[in-house]
2 protein chains.
Amino acid sequence: MSKQIVTISREFGSGGRSVGRRVAELLDVPYYDKELVKQVAVETGFDEKFIEQEGEYASPWQSLLSYAFAGGGSGPRQHMNGLSTADFLWVIQCRVILELADKGPCVIVGRCADYILRERADVLNVFIHAPIPHRADRVVRLYGESDLAPEKRLEEKDKRRRAYYKHYADREWGMSQNYHLSLDASLVGIERCAQMILDVARDPGQGQ
Amino acid sequence: MSKQIVTISREFGSGGRSVGRRVAELLDVPYYDKELVKQVAVETGFDEKFIEQEGEYASPWQSLLSYAFAGGGSGPRQHMNGLSTADFLWVIQCRVILELADKGPCVIVGRCADYILRERADVLNVFIHAPIPHRADRVVRLYGESDLAPEKRLEEKDKRRRAYYKHYADREWGMSQNYHLSLDASLVGIERCAQMILDVARDPGQGQ
C-alpha cells in the first residue's frame, strides 16, 4: 500500500516546512500547516494566533496562563465541557487532522499528526532536523534578528515542542523509532529530502 | 567534503549489518564489524567472544561480573592501569576505531563509532531501525529459535545497547539528532537504504 499521507515533524529552523511544501508540490496533494490552524479556529472560536502558539510551542500549563491573562475564557470556554483550554484544543486538533486525512492524500506539517494518525497504515512519518549553527543562520536569514539570540530561540522552541509531544503523545520527540525517515536537512538538502520522501511514499515496503 | 567514513548504528535484527555490508560493497571500501573485535582482542589479550558481548551488549557492571566469573583478570588485567575491564576495553576500542578511520574510507558497524569519530568532518552517521514484529520475524529466520521469545531477545539487546551508549557517549541511542540519516529498514528496504546512504556520502552538503 502506498503512503498517501506524509506527516512532517521538524526542529525549528531546520527547513522541515520547506521540505513539506516541496513534497506536496511533487505529489500534487494539499499541504496543511496554517490551514489546519484556521480550521481549528473556526471550530473553537479561539484566535488563530493563540492556537498557533498553543498547538505547537506552548506547554499546556503555559497556554492556560497565557489565555487567562489575554482575557480569554469567555466565549470559547462555554463549549469546553470542563476540559482545560489546552486539552480542548487538542481534542479539536485531533478531529480536524483525522478528518483531513480521511479526505485524501496530503502533507501535514507539525501538530503531532504522526501520533494522531498512528492507526492508519497509509501514513509516512518524517522527522527533519539540522545542527544548531545551521538552523541559527537560517532563522536569522528567514525571520530576521530578534531580542533573543537565535540559539536561544531554537532552544526554547524545541523545548516546548518536545514537552507538548511528550504530554499528548507520551513519546520522545525526535526519537528515530517514531518516524520512517529522519533526515539532517543541512547535509541532505531540502530538495533531496523531498525526493527521498517522494520515493518511499510512492513505493514503500521494499523491505517486506 | 565527501563523507569517506560511514558509521551504522542499528537496532538488533533491523538489517543494519546487511545495509552496512552493502554500502561497503557499493563504495568498494573495507567493512569493519567482526574485524574490529579481532583487533581489540589482539591488543588486549581478551577473548573475542567476551569482547563481542561486552562491547555491544553488556552494560559495564555486567561485564565486570561476567569476566570475573569466567575466571578472567589474570593475563590481560596486568595492562589495565587500574581501569575496570569495561573501561579498559572502551579505551582500546576507541584507539582501534580512530586508527581504522585514519587508514582511509570504510564502513563501521556498531561500537559507538559515531561518537568516537565525532571530531571528524568526513563521517556520515546512520541509524537503522524497524518495528518489533519485523525484527522478530527476521531474527527467527536468520538466527533460529531460542529459549527466549524473539520479542524478549530484541528488548534485552536494545536495552543493553542503549545503556552502553548512554554510559560511554552520554547520549540517547536512536535519537535522530545524533545521526544524519535514520531509516526504517522494514519500509525503505535494505537495498534502498544502502543507495540513499551512498548518494548522501558521495555528495553531502546540498543543504549548505
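Residues numbered from 1 in each chain as written. Chains lettered and ligands numbered in written order. Predicted model: local features only at pLDDT ≥ 70, side-chain atom pairs only at ≥ 80, totals over all residues. Heavy atoms only, no water.

Participant: Could you clarify how one ought to interpret the pattern of salt bridges in this entry?
Facilitator: Oppositely charged side chains can form a pair if their charged atoms are brought close together. Using the criterion set out here, one finds 26 salt bridges over all chains in the structure. Here Lys-166 of chain A ties to Asp-170 of chain A by a salt bridge, and the two come within 3.6 Å at their closest N and O atoms. Given the relative accessible area of 58%, Asp-170 of chain A is considered exposed. Residue Asp-199 of chain B pairs with Arg-192 of chain A through a salt bridge whose shortest N-O separation is 3.5 Å. (Salt bridge = Lys/Arg side-chain N within 4 Å of Asp/Glu carboxyl O. Buried < 20%, exposed > 50% of the residue type's maximum accessible area, 1.4 Å probe, protein only.)

Participant: So what exactly am I meant to see when it comes to the sheet that holds strand S5 (residues 181–184) of chain A here?
Facilitator: The strands making up a sheet associate through backbone hydrogen bonding, with each pair oriented either parallel or antiparallel. Strands sit in the order S2(A)-S3(A)-S1(A)-S4(A)-S5(A)-S5(B)-S4(B)-S1(B)-S3(B)-S2(B) across an open sheet of 10 strands; the sheet is mixed. With partners counted over all chains shown, the strands left at the sheet margins are strand S2 (31–32) of chain A together with strand S2 (31–32) of chain B, one partner each. With four bridges connecting them, strand S4 (residues 123–129) of chain A and S5 of chain A associate as parallel partners. Each bridged residue has a counterpart across the sheet, and for Ile-128 of chain A the counterpart in S5 of chain A is Leu-183 of chain A. (Pairing = 2+ DSSP bridges. Helix = DSSP H or I, 4+ residues; strand = E, 2+ residues; numbered from the N terminus.)

Participant: What am I meant to see in the relation of the copies chain A and chain B here?
Facilitator: In this structure, two copies of a chain are linked by a rotation about an axis accompanied by a shift along it. Once turned by 180° and shifted 0.0 Å along the axis, chain A lies on chain B with an RMSD of 0.0 Å. Such a combination of rotation and displacement between the chain copies is what one expects of a two-fold axis. When you check the interface residues of chain A against chain B, 100% turn up at the interface there too, and the contact is symmetric in its surfaces. (Least-squares fit on C-alpha atoms with pLDDT ≥ 70 in both. Contact = heavy atoms within 4.5 Å.)

Participant: So what exactly am I meant to see when it comes to the nonpolar core here?
Facilitator: In a soluble, globular protein the nonpolar side chains are often hidden away together inside. Counting 46 residues, the largest nonpolar core has Val-6 and Ile-197 of chain A together with Val-6, Ile-8 and Ile-197 of chain B as its most contacted members. Setting aside anything within four residues of it in sequence, one finds Val-6 of chain A in contact with Val-23, Leu-27, Cys-106, Val-107, Ile-108, Leu-124, Val-126, Ile-197 and Ala-201 of chain A. (Core = buried A, V, L, I, M, F, W, Y, C linked by side-chain atoms within 4.5 Å.)

Participant: Which parts of the structure should I look at to understand the interface of chain A and chain B?
Facilitator: Quite often, the size of an interface is put as the accessible area lost when its parts meet. The interface is formed by 32 residues belonging to chain A together with 32 residues belonging to chain B. Between chain A and chain B, roughly 2600 Å² of surface is buried when both sides are summed, and carbon and sulfur atoms account for 54% of that area. Per-residue buried area on chain A facing chain B is highest for Gln-177, Leu-187 and Arg-192 of chain A; these three make up 25% of the total on that side. The tally of links between chain A and chain B comes to two salt bridges. Taken together, the links from chain A to chain B amount to 15 residue pairs in polar contact (both at pLDDT 80 or more). Among the elements of the structure, S4, S5, helix H9 (185–188) and helix H10 (190–202) of chain A are those that each provide at least two residues to the side of chain A that touches chain B. Grouping the constituent residues of the side of chain A that touches chain B by class yields 13 nonpolar, 13 polar and six charged. One ladder, built from three bridges, connects S5 of chain A with strand S5 (residues 181–184) of chain B; its direction is antiparallel. Of the residues in S5 of chain B, the one forming a bridge with Leu-181 of chain A is Leu-183 of chain B. (Buried area = accessible area lost by both parts, 1.4 Å probe. Polar contact = N/O pair within 3.5 Å; in protein donor to acceptor, adjacent residues only side chain to side chain. Nonpolar A, V, L, I, M, F, W, Y, C, P; charged D, E, K, R; others polar.)

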